[in-house]
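# Report on the structure
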Amino acid sequence: MVGVTRRLPAPDTLSPMYHLFAASQQVGALLAEALADAPLDAGAYAFFSAVRETQPTTPTDLARHLGMPVTTVLDTLAAMQRRGQVARLGNPRDGRSYLVRLTDDGDRMHDETGVLFEEAATRLAARLGEGRADVVASLIALKDAALTGLTDVRARRGTLAG
């Protein structure tokens, strides 16, 4: 039987979304391996990091910061609270709302995972070399463009639905 060799199109002809997906898969694999013995997986570490960087914060502000639905953030925070990883505080600006912050246990888990995360981040940065700043700038531009595109699509869908 004759094998069929398939080639991918030239990288510059593929969508940025294709490259983002492929890069995301590889970064995910890197982090899964690097954090295999950590108390948090990559997704939980990112969420804990967002809480830590913005604390004390409201769930709504956290959702906005992460680009996640508020309901998903609320569900995640509720699970973290049950496990003693996050604490709810009264919101002095709005009695109907509340603030969240990591507990000592949440901080400990974040710190332990952070050591392993930083090892993986250092390896990745070394491979990127001097191009690291350009990659970061490109990812920020891609995120911003995706947000604008999402807004446009939602507006168009709202127009079509009306």
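Residues numbered from 1 in each chain as written. Predicted model: local features only at pLDDT ≥ 70, side-chain atom pairs only at ≥ 80, totals over all residues. Heavy atoms only, no water.

For the largest pocket, the calculated volume is near 2200 Å³. Along the walls of the largest pocket sit 41 residues, with L20, V27, L139, I140 and K143 positioned nearest its centre. Among the residues forming the lining of the largest pocket, the class breakdown is 27 nonpolar, eight polar and six charged. Taken as a whole, the second largest pocket spans an internal volume of roughly 170 Å³. Lining the second largest pocket are P56, T57, T58, D61, N91, P92, R93 and L99. Considering only residue class, the lining of the second largest pocket consists of three nonpolar, three polar and two charged. (1 Å grid on protein atoms, 1.4 Å probe; cavity = no way out; pocket = protein on both sides within 12 Å on 5 of 7 lines; lining within 4 Å. Points joined across faces, edges and corners; volume = space filled by probe spheres on them. Nonpolar A, V, L, I, M, F, W, Y, C, P; charged D, E, K, R; others polar.)

What follows is about the pattern of salt bridges. Using the criterion set out here, one finds seven salt bridges in the structure. The partner of R52 in a salt bridge is D107, and the shortest N-O contact between them spans 3.0 Å. Of the two residues, R52 is situated in helix 2 (residues 42-54) and D107 in helix 5 (residues 104-128); the sequence distance between them amounts to 55 residues. You can call R52 partly exposed: its relative accessible area is 25%. In this structure, R108 engages E112 in a salt bridge whose closest nitrogen and oxygen atoms are separated by 3.0 Å. Highlighted residues: R108 and E112, both in helix 5, separated by four residues, approximately one helical turn. Put simply, R52, D107 and D111 are held in one network by salt bridges that share partners. (Salt bridge = Lys/Arg side-chain N within 4 Å of Asp/Glu carboxyl O. Helix = DSSP H or I, 4+ residues; strand = E, 2+ residues; numbered from the N terminus. Buried < 20%, exposed > 50% of the residue type's maximum accessible area, 1.4 Å probe, protein only.)

Let us look at the packing of aromatic side chains. One pass over the structure, following the stated rule, counts one aromatic pair. Plain terms: the ring middles of Y45 and F117 are 4.8 Å apart, the flat faces sit at 35° to each other, and that makes the pair tilted. In this pair, Y45 is assigned in helix 2 and F117 in helix 5, connecting sequence segments 72 residues apart. Between the NZ or CZ atom of R88 and the centre of the ring of Y98, over which it lies, the distance is 3.6 Å. (Phe/Tyr/Trp six-rings, centres within 6.5 Å; stacked < 30°, edge-to-face > 60°. Lys NZ or Arg CZ within 6 Å of the ring centre and 35° of its normal.)

Right, let's talk about the nonpolar core for a bit. A general trend in soluble globular proteins is that nonpolar side chains are found buried together. F47, F48, V51, L62, V73, L77 and M80 are the most contacted members of the largest nonpolar core, which has 16 residues in total. For this core, the secondary-structure elements that each account for two or more residues are helix 2, helix 3 (59-66), helix 4 (70-82) and strand 2 (98-102). A per-element tally of this core places helix 2 first, with five residues. Among all residues touching F47, those that are not within four sequence positions of it are L62, L66, M68, V73, T76, L77 and M80. (Core = buried A, V, L, I, M, F, W, Y, C linked by side-chain atoms within 4.5 Å. Contact = heavy atoms within 4.5 Å.)

Here helix 4 spans 18 Å end to end across 13 residues, near enough to the 18 Å set by a 1.5 Å rise per residue. Listed in full, the buried residues belonging to helix 4 are V73, L77, A79 and M80. Buried positions in helix 4, seen along its axis, are confined to an arc of 160° and lie on one side of it. Projecting away from the buried face of helix 4 at angles above 90 degrees are the exposed residues T71, D75 and R82. Considering only its buried residues, helix 4 is in contact with helix 2, helix 3, strand 1 (86-90) and strand 2. (Expected span 1.5 Å × (residues − 1). Arc of directions from axis to C-beta.)

Our next topic: the environment of Q85. Note that Q85 resides in the loop between helix 4 and strand 1. The spatial distance from the C-alpha of Q85 to the C-alpha of R6 is 49 Å, given a sequence separation of 79 residues. With residues up to four places along the chain from it excluded, the contact list for Q85 reads F48, M80, R101, L102, T103, D105, G106 and M109. In terms of polar contacts, Q85 uses its side chain to reach the side chain of R83, at 3.0 Å. (Polar contact = N/O pair within 3.5 Å; in protein donor to acceptor, adjacent residues only side chain to side chain.)

Limitation: the analysis is restricted to geometry and does not speak to function.
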